[in-house]
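# Analysis of the macromolecular model
For reference, the chains in residue letters:
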Amino acid sequence: MPLAQSKVYTEADYYNLPEDVRAELIEGNLIYNQAAPSRIHQTILMELSGTIRNYLKSKGRSCRVFPAPFAVKLREDKNTIVEPDISVICDRSKLTDRGCTGAPDWIIEIVSPSNSSHDYVMKLNLYANAGVREYWIVDPVRKSIFVYYLEQDHFKAEAYTFHDTIPVNIYDDFQIDFSSLDL
């Protein structure tokens, strides 16, 4: 008796989802985001997005910051579309009407208790393999930030707290003082 095969979803399936449904397409599997983000999640999202945007504008950088929901197709040849909490894209040729095609330069995920392994394991590997230059995991419960940055062909990791000033490795002159954020 043949084994039952599960459906492999495509980019078309992802883009045909109803507008009020949030999901990610990970290697052909649809992963639905069921719970609404918490207040602290949204506060961190807005504070970081605003801080990054202000820095980029003040320096006249061509990079753009996009908060979720924002579709990122990590690689052209894969059935993987993620919606990072924050995406920073410096190569504007990657931007499309639907989001971004290619690895963003910097991604920030804010951990929700129900999906922590998704951010700490699955997305870390996806982002490393796609060539994301810097990846932050912000954990509001633990009040910690894990910073992964691409150094040659592997991620280097640093751990910080909400009391630290964190250097942004993809820029020489940018740090974010977490204690100054209005959390």
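Each value, and the rule that gives it
- Residues numbered from 1 in each chain as written.
- Predicted model: local features only at pLDDT ≥ 70, side-chain atom pairs only at ≥ 80, totals over all residues.
- Heavy atoms only, no water.
- Core = buried A, V, L, I, M, F, W, Y, C linked by side-chain atoms within 4.5 Å.
- Buried < 20%, exposed > 50% of the residue type's maximum accessible area, 1.4 Å probe, protein only.
- Helix = DSSP H or I, 4+ residues; strand = E, 2+ residues; numbered from the N terminus.
- Pairing = 2+ DSSP bridges.
- Patch = residues over 30% accessible without salt bridge, like charges linked within 9 Å, V, L, I, M, F, W, Y side chains within 5 Å.
- Areas by Shrake-Rupley, 256 points an atom, 1.4 Å probe, with all protein chains shown as cover.
- Salt bridge = Lys/Arg side-chain N within 4 Å of Asp/Glu carboxyl O.
- Lys, Arg positive; Asp, Glu negative; His and termini not counted.
- Charge placed at Lys NZ, Arg CZ, Asp CG, Glu CD.

- An unreviewed UniProt entry annotates the chain as Uma2 family endonuclease originating from Candidatus Lachnoclostridium pullistercoris.

## What about the nonpolar core?
- Counting residues in each nonpolar core, the largest one holds 29 residues, and the members touching the most others are Ile52, Val88, Trp106, Trp136, Tyr171, Ile176 and Phe178.
- Counting only elements with at least two residues in this core, the list comes to α2 (39-59), β6 (86-89), β9 (106-110), β10 (134-139) and β11 (144-151).
- Among the elements that take part in this core, α2 stands out by supplying six residues, more than any other.
- In this structure, Phe66, Cys100, Ile107 and Leu124 belong to the second largest nonpolar core, which totals 21 residues.

## What to know about unusual backbone geometry
- That bond from alanine 68 to proline 69 is cis: its omega, 0°, falls within 30 degrees of zero.
- Mapped onto the elements of the fold, proline 69 is located in the loop between β3 (64-67) and β4 (71-73).
- The phi torsion at lysine 143 lies on the positive side, around 55°, for a residue other than glycine.

## A look at the pairing of β10
- Among the six residues in β10, six count as buried, and that is most of the element.
- Burial along β10 is two-sided: Glu134, Trp136 and Val138 and Tyr135, Ile137 and Asp139, pointing in opposite directions, are all buried.
- Pairing analysis gives five bridges linking β9 to β10, with the strands arranged parallel. Directly across from isoleucine 107, in β10, lies its bridge partner tyrosine 135.
- In terms of strand pairing, β10 meets β11 through six bridges, oriented antiparallel. Pairing of isoleucine 137 across the sheet is with phenylalanine 146, part of β11.
- Taking the residues that link successive antiparallel strands as the turn, the β10-β11 hairpin has four residues, and the phi of lysine 143 there is positive, at about 55°.

## Observations regarding the pairing of strand β1 (residues 23-26)
- Of the two faces of β1, the one carrying Ala23 and Leu25 and the one carrying Glu24 and Ile26 are both buried.
- In this structure, β1 lies alongside strand β2 (residues 29-32), joined through four bridges in antiparallel fashion. Each bridged residue has a counterpart across the sheet, and for leucine 25 the counterpart in β2 is leucine 30.
- The turn joining β1 and β2, which pair antiparallel and follow one another in sequence, is formed by two residues; a positive phi near 50° is taken by glutamate 27.

## Overview of a positive patch on the surface
- Taken together, Arg53, Lys57, Arg64 and Arg92 make up a surface patch of like positive charges.
- On the secondary structure map, arginine 92 appears in the loop between β6 and β7 (95-96).

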